[in-house]
Amino acid sequence: MSQNNMETDNNGESGNKIKRAKKRSFIEILIPVLTFMTIVNCIVILVLVVNIGKKVNGLEQRLLVLQNNDADEPYQEASVMMSTDINGNTVDESEAVDIAEAAVCENSHVWDDREDSSAGIKRVYLTFDDGPSANTDRILDILDQYGVKATFFVVAKDKYPEQYKRIVADGHTLGMHSYSHKYNEIYESLDAYKHDLTQLHDFLYELTGEDCNIVRFPGGSSNTISKADMWELIDYLDEEGMVYFDWNVSSGDATGGHKSASQIARNVLDNVGKYNNSVILFHDAAGKDSTVDALPMIIEAILESDNTVILPISKDTVRVQHLHK
Ligand SMILES: [Zn+2]
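Everything numeric here is computed off the predicted structure, so don't read it as measured data.

Rules behind the numbers
- Residues numbered from 1 in each chain as written.
- Predicted model: local features only at pLDDT ≥ 70, side-chain atom pairs only at ≥ 80, totals over all residues.
- Heavy atoms only, no water.
- Helix = DSSP H or I, 4+ residues; strand = E, 2+ residues; numbered from the N terminus.
- Buried < 20%, exposed > 50% of the residue type's maximum accessible area, 1.4 Å probe, protein only.
- Areas by Shrake-Rupley, 256 points an atom, 1.4 Å probe, with all protein chains shown as cover.
- Pairing = 2+ DSSP bridges.
- Right-handed = clockwise from strand over helix to strand, strands pointing away.
- Salt bridge = Lys/Arg side-chain N within 4 Å of Asp/Glu carboxyl O.
- Arc of directions from axis to C-beta.
- Contact = heavy atoms within 4.5 Å.
- Donors = N, O, S within 2.8 Å, 3.2 Å for Na, K, Ca; no water.
- Phe/Tyr/Trp six-rings, centres within 6.5 Å; stacked < 30°, edge-to-face > 60°.
- Axes fitted to C-alpha atoms, helices over the stretch in contact; angles between N-to-C directions.
- Parallel < 35°, antiparallel > 145°, perpendicular 65-115°, else oblique.
- Nonpolar A, V, L, I, M, F, W, Y, C, P; charged D, E, K, R; others polar.

> Is there a simple way to explain the overall build of the protein chain in this structure?
The helix and strand tally for the protein chain stands at 10 helices and eight strands. Considering the protein chain as a whole, with its 325 residues, one finds that 42% of them fall into the buried category. As displayed, the protein chain has an accessible area near 17,400 Å², and 54% of this comes from carbon and sulfur atoms.

What follows is the structure in structure tokens.
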């Protein structure tokens, strides 16, 4: 019996030892698990904090862009960041790429000046793409003030019926640019281009009674965007008795962010003397106020130059074309 008790005691003692061992091994497992979970929690919290920080930063930048837009300031910067078209509408990625590419094309103006005939006089043509816009009336007022005529390569906008009419009534040339100005639509094929230009022609005819026949290709005839062969488009214009014009002086108001009025004036006046016939590219677009602000200094400087006139483009104008036969 006593032997049995001893055995029981021994059994009790070894039972306690096992319990203690179990407790130790449980703690030994628990500590690394807790440590691991704490580290994971810290990482999760860190990631959350960084992301919230980024979001706040992004919102601040977005707010800055919106504030700038309110001030009618950097149209270009905003359009690059937010991928918007000439009307300020958001576009898909492929159109955004085309718009960026067109901006580069518009800044290059290689012109074979073989036909730069002079007869002792220098001719300057002020041309405005993408209008009408909220700026059209201001541009027309300035042209009127100096008594000079220009050329407007317009798109179709229901918002500005009076401005198309005023362009014609004031004696400027109403040129055709594009109905939709959507690169990935108009340059899809020859038929797509024909459709777009016919739509614009009819839109302008109905509104103003003008049978327009002067054309400027979006991005120019030397653009690198078109899926259709540009020569086919040019042949089509020939068949229709239409004449297209590119430019040999770029004001730079569409590329590389916001430009000040004096930068735009310098871009123009540094280059306008190079040719006997200068076709200057400007943009008539909302937010491009510095283009309008630059006009008086540009016009005054040109009018002060010897034997120099400012004219609207007509079919008789020397063909300033990047692609020609
Ligand atoms: Zn354009």
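There's plenty left to go through after this.
> How should the pairing of strand β2 (residues 151-155) be read in this particular structure?
The side chains of a regular strand alternate between both faces of the sheet. Among the five residues of β2, five are classified as buried, and the element is accordingly described as predominantly covered. Because side chains alternate across β2, one face comprises the buried residues Thr151, Phe153 and Val155, and the other comprises Phe152 and Val154, equally buried. As defined by bridge partners, strand β1 (residues 122-129) adjoins β2 across three bridges and the pair is classed as parallel. Looking across to β2, one finds that Asp129 is bridged to Phe153. In terms of handedness, the path from β2 via helix α5 (residues 161-169) over to strand β3 (residues 173-178) forms a crossover that is right-handed.

> I'm lost on the pattern of salt bridges in this one. Help?
Side chains that carry opposite charge are capable of pairing whenever their charged atoms lie near each other. Enumeration over the complete set of coordinates arrives at seven salt bridges. Between Arg138 and Asp293 there is a salt bridge, with the nearest N and O atoms lying 2.8 Å from each other. Here Arg138, found in helix α4 (residues 136-146), pairs with Asp293, found in helix α10 (residues 289-304); they are 155 residues apart in sequence, far enough to count as distant. For Arg138, a relative accessible area of 35% gives the class partly exposed. Arg166 serves as the salt-bridge partner of Asp141, at 2.7 Å between the closest nitrogen and oxygen. Here the residue Asp141 occupies a position in helix α4, and Arg166 occupies one in helix α5, the gap between them amounting to 25 residues. On the basis of relative accessibility, which here comes to 42%, the residue Asp141 falls in the partly exposed class. Several salt bridges share partner residues, and in doing so they unite Asp137, Asp141, Arg166 and Asp170 into one network.

> Explain α5 here, please?
Taken as a whole, α5 has its buried residues at Gln163, Tyr164 and Ile167. Around the axis of α5, the buried residues are gathered within 105° of arc, so they sit on the same side. Of the surrounding elements, those touching the buried residues of α5 are α4, β2, β3 and α7 (190-208). Where α5 terminates, the next one or two residues include Gly171, which has phi positive at roughly 90°.

> Please explain the coordination of the zinc ion as it appears in this structure.
Six octahedral donors at a metal ideally form angles of 90 or 180 degrees, and four tetrahedral donors ideally form angles of 109.5 degrees. At this site the zinc ion is bound by Asp130 (OD), His177 (NE2) and His181 (NE2), with donor distances of 2.2 Å. The sequence motif formed by the donor residues of the zinc ion is D-x46-H-x3-H. Of this pair, Asp130 sits in the loop between β1 and α4 while His181 is found in the loop between β3 and α6 (183-186), placing the two residues 51 residues apart along the sequence.

> Help me understand the packing of aromatic side chains, please; the structure alone is not making it clear to me.
Describing an aromatic ring pair means giving the distance of the ring centres and the angle of the ring planes. The full count for this structure, using the stated rule, is eight aromatic pairs. A centroid spacing of 6.5 Å and a plane angle of 35° characterise the contact between Tyr183 and Tyr187, whose relative ring orientation is tilted. Comparing Tyr183 with Tyr187, the two get one shared label, buried. Relative to Phe217, the ring of Tyr193 has its centre 5.5 Å away and its plane inclined at 45°; by these criteria the two rings are tilted. Placement of Tyr193 in helix α7 and of Phe217 in the loop between β4 (214-215) and α8 (230-239) is noted, with a sequence separation of 24 residues between them. Like Phe217, Tyr193 is buried. Members of the aromatic cluster, joined through ring pairs, are Tyr183, Tyr187, Tyr193, Phe217 and Tyr244.

> Any chance you could explain the packing of α5 against α7 here in plain terms?
Helix-helix packing is described using two parameters, namely the angle between the two axes and the distance between the axes. Contact geometry of α5 with α7 gives a least axis separation of 10 Å together with a crossing angle of 80°. With respect to each other, α5 and α7 are oriented roughly perpendicular. Contacts between α5 and α7 involve Pro161, Tyr164, Lys165 and Val168 from the former and Phe203, Leu204, Leu207 and Thr208 from the latter. Grouping the constituent residues of the contact of α5 with α7 by class yields six nonpolar, one polar and one charged.

None of the figures reported here should be taken as evidence of function without further support.
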